[in-house]
Structures are given as C-alpha cells and as structure tokens.
Amino acid sequence: MLSGGVGGARFIQGLLRLVERTSSATTVTVIANTGDDIWVHGLKVCPDLDTVMYTLGSGIDTDRGWGRTDETWHAKEELAAYGVEPTWFGLGDRDLATHLVRTQMLDAGFSLSKVTDALCRRWLSPIWGARVRLLPMSDDRVETHVVIDDPADGEQRAVHFQEYWIRHQASVSASAVVAIGADRSAPAPGVIEAISDTDLVVLPPSNPVVSVGTILAVPGIRDALRTTTAPVVGVSGIVGDDHVHGMARQLLGIIGVEVSAAGVAEHYGSRRPGGGNGDGILDGWLVDSVDAPSVDRIEKAGIPARAVPLMMTDHDATADMAQAAIDLVLPGR
Ligand code: GDP
Ligand code: CA
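Analysis parameters
- Residues numbered from 1 in each chain as written.
- Chains lettered and ligands numbered in written order.
- Predicted model: local features only at pLDDT ≥ 70, side-chain atom pairs only at ≥ 80, totals over all residues.
- Heavy atoms only, no water.
- Pairing = 2+ DSSP bridges.
- Helix = DSSP H or I, 4+ residues; strand = E, 2+ residues; numbered from the N terminus.
- Axes fitted to C-alpha atoms, helices over the stretch in contact; angles between N-to-C directions.
- Core = buried A, V, L, I, M, F, W, Y, C linked by side-chain atoms within 4.5 Å.
- Buried < 20%, exposed > 50% of the residue type's maximum accessible area, 1.4 Å probe, protein only.
- Domains from an automatic or database assignment.
- Contact = heavy atoms within 4.5 Å.
- Buried area = accessible area lost by both parts, 1.4 Å probe.
- Salt bridge = Lys/Arg side-chain N within 4 Å of Asp/Glu carboxyl O.
- Polar contact = N/O pair within 3.5 Å; in protein donor to acceptor, adjacent residues only side chain to side chain.
- Nonpolar A, V, L, I, M, F, W, Y, C, P; charged D, E, K, R; others polar.

Student: I would appreciate a short explanation of the sheet that holds strand β8 (residues 174-180) in the present structure.
Tutor: Strand pairs in the sheet, formed through backbone hydrogen bonds, run parallel or antiparallel to each other. Spatially, the three strands line up as an open sheet ordered β7-β6-β8, and their pairing is antiparallel. Each edge of the sheet is formed by a strand with only one pairing partner; in this case those strands are β7 (156-160) and β8. Pairs of neighbouring strands in the sheet enclose a mean axial angle of 25 degrees, with direction left out of account. With five bridges joining them, strand β6 (residues 143-149) and β7 adopt antiparallel strand pairing. Paired with D149 across the strands is Q156, a residue of β7.

Student: Sorry if this is basic, but what is going on with the nonpolar core here?
Tutor: Grouped burial of nonpolar side chains is what soluble globular proteins tend to show. Counting residues in hydrophobic clusters, the biggest one holds 50 residues, and the most contacted among them are Y164, L225, Y268 and W285. Broken down by element, the residue count for this core peaks at five residues, all from helix α12 (residues 261-268). For this core, the two domains that each supply at least three residues are domain 2 (143-180) and domain 3 (184-329). Non-local contacts of L225, meaning those with residues more than four positions away in its chain, are made with L2, I195, V201, L216, V232, R271 and I281. Counting residues in each nonpolar core, the second largest holds 43 residues, with L112, W128, V132 and A325 among its members.

Student: How should the environment of L135 be read in this particular structure?
Tutor: Its place among the elements puts L135 in strand β5 (residues 132-136). Along the backbone, L135 and S113 are 22 residues apart, and their C-alpha atoms lie at a distance of 6.2 Å. In this structure L135 touches T29, V30, I31, A32, L49, P189, G190 and V191, once residues within four positions along its chain are discounted.

Student: Explain the domain arrangement of the protein chain here, please?
Tutor: By a widely used convention, the size of an interface equals the accessible area lost when the partners come together. Under the domain assignment used here, the protein chain contains domain 1 (37-136), domain 2 (143-180) and domain 3 (184-329). Distance from the C-alpha centre of domain 1 to the C-alpha centre of domain 2: 24 Å. Listed by partner, the interface residues are six residues for domain 1 and six residues for domain 2. Of the roughly 540 Å² buried where domain 1 meets domain 2, counting both sides, 68% is carbon and sulfur surface. Counting the surface domain 1 buries against domain 2, the share from its top three residues, D37, I38 and W88, is 76%. Where domain 1 touches domain 2, the interface holds zero salt bridges. Linking domain 1 to domain 2 there are one residue pair in polar contact (both at pLDDT 80 or more). Counted by class, the side of domain 1 that touches domain 2 contains five nonpolar, no polar and one charged residues.

Quick look at the structure:
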C-alpha cells in the first residue's frame with residue numbers, strides 16, 4: 001500500500017481486518033508519504049509515518065485521528081510562553097518522545113528507514129509481528145511546499161505544507177504545490193522491491209495530491225507501479241464532489257484536477273498502453289455508490305471501475321471495501 005496519514009491508516013486497518021477474516025498469511029508493506037515531514041523546535045516530525053504507526057499500534061487518539069491517546073500539551077504551552085514559533089504546530093508531550101528518539105537517531109547517522117524500523121519495534125511488532133512493515137517513501141529530505149497569496153501582505157510565497165494546512169486551514173488562495181527535493185530523492189530501501197514483488201498494490205483513499213502524489217514524485221516509484229506484475233487498484237477519497245475528510249478538494253483545485261472520483265481516476269490514469277498520457281498507474285478504481293454514474297466514464301479512460309459503499313465507518317465496512325478492490329482486479333482471490 002501507498003499511504004498518507006489518517007485516510008491511509010484507516011484503510012490499512014480494514015485491510016488487516018480482511019486478512020484476519022480470511023486467516024490468510026498475507027503480509028502488508030505500507031509505503032508512507034514523507035512530504036509532510038517538518039523540522040519543528042529542532043525535532044524531525046513525520047506526521048504520516050507516525051499516524052500509521054500509532055494507528056496500527058493502538059496508540060492513536062481516535063477522535064483527532066492523529067497524535068497520541070491520553071495526550072497532554074505542557075511542552076507546547078511552555079514553548080508558547082517563551083514566544084517561540086511556530087505556535088500553530090501542536091506537539092503533544094507523549095508525541096514529543098517519538099520525535100526526540102527519531103531526531104537523536106538521525107543525528108547519530110541512522111537513515112529514516114532504520115529509525116522508522118526502530119520506532120515500529122515498539123508499536124507494530126508486538127501486535128503484528130512480521131505481517132506489517134512500514135517504510136518511508138524515501139530516506140532523503142522531501143518537503144511539500146504550497147505557493148500561497150500570503151494574507152498578511154498579499155505577496156506570493158512558498159510555505160511549508162503544514163503551514164498551509166494547519167495555520168491557514170487550506171483556506172488561502174494558492175497557485176502551486178511543489179514537492180521540494182523529490183526530483184533528487186531516491187526510494188527508500190525495500191520500496192521498489194515491495195512494489196515489484198507483491199500480489200497486489202493498493203492506493204487507499206489518501207490525498208491524491210499531497211499523499212499519493214508526493215510518493216509518485218519520488219523517481220522510480222511510478223515506473224515500479226507501471227512495470228510490476230501485480231495489479232494496482234485504487235479507492236476514491238472523493239465522494240460526490242468533495243473529499244470525505246481533510247482538504248483534498250482544495251489541493252486538487254490547485255493542481256487543476258476535477259474534484260470527482262472520475263477526475264482523480266483520470267489523473268492517475270490507466271496502466272494500459274496509451275492510458276493516462278502513457279504513464280498511468282491504475283488497473284482498477286473503486287468509487288462510492290453515489291458515483292455509480294461515473295463508472296462508464298472511468299472505464300472509457302481504460303480503468304475497470306466499480307461502485308460500492310466507500311465510507312470507512314468501522315473496520316468491517318473498510319474490510320468490505322478492501323475485498324471489493326481485490327474482487328475488481330483479482331477475481332476469485
Ligand atoms: P492525511 O495524510 O492525514 O491527510 O491522510 P490521507 O492522505 O491518507 O487521507 C486523506 C484522504 O482520505 C482524504 O482526502 C479523505 O477524503 C479520504 N477519506 C477519509 N475518510 C474516508 C472515508 O471514510 N471514505 C473515503 N472514500 N475516503 C476517506
Ligand atoms: Ca499527510
């Protein structure tokens with residue numbers, strides 16, 4: 001699976017529920033977006049990696065969907081009392097320990113992959129053993145920035161994605177999304193192998209621009225998706241004419257992609273020869289039942305599609321979505 005944070009993590013929970021239901025020996029490798037990563041107060045924070053890790057490790061705050069359960073915010077208050085910026089980025093006290101460990105290990109020369117593996121020994125191994133593996137998309141620094149019209153002075157400037165997302169709540173006008181460093185980055189160890197040597201690749205309903213889109217910007221990953229012998233199936237995070245949660249609508253608007261399940265499918269493109277301007281990645285696409293009328297249009301773009309309920313209301317509903325994705329591209333499995 002390629003994954004962002006909250007949407008990706010919820011989908012993985014459903015996929016794992018399906019694995020439990022079928023008592024199969026399936027293993028899941030999650031390749032997570034690191035374009036949201038940010039250095040704050042001297043610490044390296046990896047929001048999507050941590051959301052997946054805490055969610056699968058039962059440490060997530062389920063109401064917020066991110067950060068630690070039973071969190072307190074004393075350090076944040078103390079930093080604010082010093083007047084230290086950024087005050088808009090919330091680092092909880094429990095969460096801080098993760099970033100301290102990560103930053104120390106990075107400072108000591110370990111790669112982000114190695115650090116992630118070490119952190120997952122606490123969160124994933126006790127519950128999932130070798131069945132789930134979490135990989136950063138790249139060990140190199142890649143940071144998504146958004147070119148905004150700064151409401152403070154009307155000037156155009158590029159700000160870190162987190163500043164656009166959290167501080168401005170994606171409500172300022174913006175003209176571009178740039179994954180800085182992506183063109184010079186390399187996939188993390190194991191990423192290409194995981195895509196090439198698998199039975200199925202799943203794109204969860206993660207944000208097509210700043211989650212999946214950023215992963216696809218790492219050179220080699222799109223090619224691996226195009227050449228793997230495994231089918232690649234995706235699930236729409238757009239239902240009707242809006243995202244289910246988050247701010248995908250705003251981001252799709254910035255890159256000029258129609259905000260609809262069909263628009264996103266055409267943006268990813270068909271893997272068939274000639275599909276998606278020749279660099280498409282999809283063998284199948286699930287849309288929500290309300291978008292059933294767009295199935296024909298998606299299939300005309302060379303992408304087999306099916307309409308099923310796509311609300312991740314609980315793990316069983318999400319497991320049914322995962323099964324529908326498998327039925328679409330691997331019938332009988
Ligand atoms: P983030 O990194 O925390 O923003 O999370 P992701 O990028 O992994 O996922 C966010 C996307 O998941 C959003 O664009 C949502 O529309 C989508 N999403 C969240 N919940 C649901 C759901 O229940 N059903 C569907 N179809 N999409 C969802
Ligand atoms: Ca994210």
